[in-house]
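Structural characterization, general
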Amino acid sequence: MKQLDSIAKLINRFCKLPGVGAKTAQRYAYGVIGMSDEDAQAFCDAIKEVKQKVCYCEVCGNFADAQICAICSVRKPSCIIVVSYPKDVLAFEKAGGVSGVYHVLHGTISPLEGRGPNDIRIKELLARLKEGTEEIILATNPDVEGEATAMYIAKLIKPMGVRVTRIAQGISMGSDIEYADEVTLQRALEGRIVL
């Protein structure tokens, strides 16, 4: 039996989400069909609201609901933690013990995917370095692209006289920061090394 076009269309939309395959998308679509009209409307409203209200912080590049995020507006920029994606900021914030601000690159250097240094927010990071910045913590994922990005940034910043450290390898090679537990992230921060 052929699937109804409206269901197929919804499944196709769910498949566009990261990590969602055809079977999961189909379960999500059937879940939406089973929702009450009020719940379905609330789901649609939540999607519209996030698209209308969430933007990127003008300073760090993290998700925000104003021009400057809550972290940048209250913390001193003496220590800047450089991460690949906004989801990494949330992982570090959950771990606690972070007193610095963040800088979100929105990617890593990956020649295989056609992404070079000019395609991520490295220039913006260099522009943020000013008197008072004491340390840059490079907290990109411990995979090939994350390591290459960290090394590239370290080479640019070291001559400026700012201390550059890399998070320790408490996070296993090839894994993503967002999936690490709070203890592992805390140990990674505490055991960071000078590059």
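Scroll up to find the structure this text is about.
Residues numbered from 1 in each chain as written. Predicted model: local features only at pLDDT ≥ 70, side-chain atom pairs only at ≥ 80, totals over all residues. Heavy atoms only, no water.

1. With respect to the environment of Asp-39
Structurally, Asp-39 can be placed in helix H3 (residues 37-53). On the accessibility criterion, Asp-39 (47% relative accessible area) is partly exposed. (Helix = DSSP H or I, 4+ residues; strand = E, 2+ residues; numbered from the N terminus. Buried < 20%, exposed > 50% of the residue type's maximum accessible area, 1.4 Å probe, protein only.)

2. Comments concerning the pairing of strand E5 (residues 135-138)
Both faces of E5 are covered, namely the face carrying Glu-135 and Ile-137 and the face carrying Ile-136 and Leu-138. Sheet analysis places strand E3 (residues 79-83) next to E5, joined by 4 bridges and oriented parallel. Across the sheet, the residue bridging to Ile-81 is Ile-137, located in E5. Pairing of E5 with strand E6 (residues 163-166) involves 4 bridges; the strand directions are parallel. Bridge pairing in E6 links Leu-138 to Arg-166. (Pairing = 2+ DSSP bridges.)

3. A look at helix H5 (residues 86-95)
Here H5 has its buried residues at Pro-86, Asp-88, Val-89, Ala-91, Phe-92 and Ala-95. Count one or two residues on from H5 and you reach Gly-96, which has phi positive near 75 degrees.

4. A short note on the packing of aromatic side chains
In this structure the tally under the stated criterion is 2 aromatic pairs. A centroid spacing of 5.4 Å and a plane angle of 75 degrees characterise the contact between Phe-14 and Tyr-28, whose relative ring orientation is edge-to-face. Taken together, the residues span a long stretch of sequence, with Phe-14 in helix H1 (residues 5-15) and Tyr-28 in helix H2 (residues 22-33) at a distance of 14 residues. Both rings, one in Tyr-56 and one in Phe-63, keep their centres 5.8 Å apart while their planes meet at 20 degrees; by these two values the pair is stacked. Here Tyr-56 falls in the partly exposed class, since its relative accessible area comes to 48%. Judged by relative accessible area, Phe-63 falls into the partly exposed class, the value being 45%. The ring of Tyr-85 carries Lys-87 above its face, with NZ or CZ at 5.4 Å from the centroid. (Phe/Tyr/Trp six-rings, centres within 6.5 Å; stacked < 30°, edge-to-face > 60°. Lys NZ or Arg CZ within 6 Å of the ring centre and 35° of its normal.)

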